[in-house]
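Structural features, examined
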Amino acid sequence: MNRELYTKLVDLYAGYELPAELEDEMIVAAGNDPALASDMLTLRAAVDALQNDQGPSFTEESFQRILMKLYARGVDLHTKAPSPTHLQYQLPIQG
């Protein structure tokens, strides 16, 4: 096969979507072409990293931080959930 076809197949190689025979053939071709080898290595590493990423966690703290930013910008927002007590400031009672 020619180099142009290998470069078109790199994304399939990175996603583990090639048959084993074609994947082996690409590895052999990458031994003779450093640019192809670099593309194959970096794209597969990127695909692996993205597949192993659990994504952002949306916690109560994140929700409250976003809510406070919305309030600061003047948004009149009413949620179904009651306001948490940790957002209330405790004032000292002097008597």
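Owing to the predicted nature of the structure, the values given are computational and were not obtained by experimental measurement.

Concerning the side chain of Arg44
- For Arg44, the position within the fold is in helix 3 (residues 34-52).
- The residues touching Arg44, leaving out its near neighbours within four places in the chain, are Tyr13, Ala14, Tyr16 and Glu23.

Details of the nonpolar core
- Listed in full, the 11 residues of the largest apolar core are Tyr6, Leu9, Val10, Tyr13, Leu18, Leu22, Met26, Ala29, Ala30, Leu36 and Met40.
- Looking at this core, the elements with two or more residues in it are helix 1 (3-14), helix 2 (20-32) and helix 3.
- Other than its neighbours up to four places away in sequence, Leu18 contacts Leu9, Leu12, Tyr13, Glu23 and Met26.

Describing helix 2
- Here helix 2 is 13 residues long and its end C-alpha atoms lie 19 Å apart, about the 18 Å a rise of 1.5 Å per residue gives.
- For helix 2, the set of buried residues is Leu22, Glu23, Met26, Ala29 and Ala30. Mapping the buried residues of helix 2 onto a view down its axis gives an arc of 120°, with all of them on the same face. Along helix 2, the residues that are exposed and aim more than 90 degrees away from the buried face are Glu21, Val28, Gly31 and Asn32.
- On the buried face of helix 2, the contacting elements are helix 1 and helix 3.

Each value, and the rule that gives it
Residues numbered from 1 in each chain as written. Predicted model: local features only at pLDDT ≥ 70, side-chain atom pairs only at ≥ 80, totals over all residues. Heavy atoms only, no water. Helix = DSSP H or I, 4+ residues; strand = E, 2+ residues; numbered from the N terminus. Contact = heavy atoms within 4.5 Å. Core = buried A, V, L, I, M, F, W, Y, C linked by side-chain atoms within 4.5 Å. Buried < 20%, exposed > 50% of the residue type's maximum accessible area, 1.4 Å probe, protein only. Expected span 1.5 Å × (residues − 1). Arc of directions from axis to C-beta.

As far as function goes, none of this settles anything; it's purely spatial.
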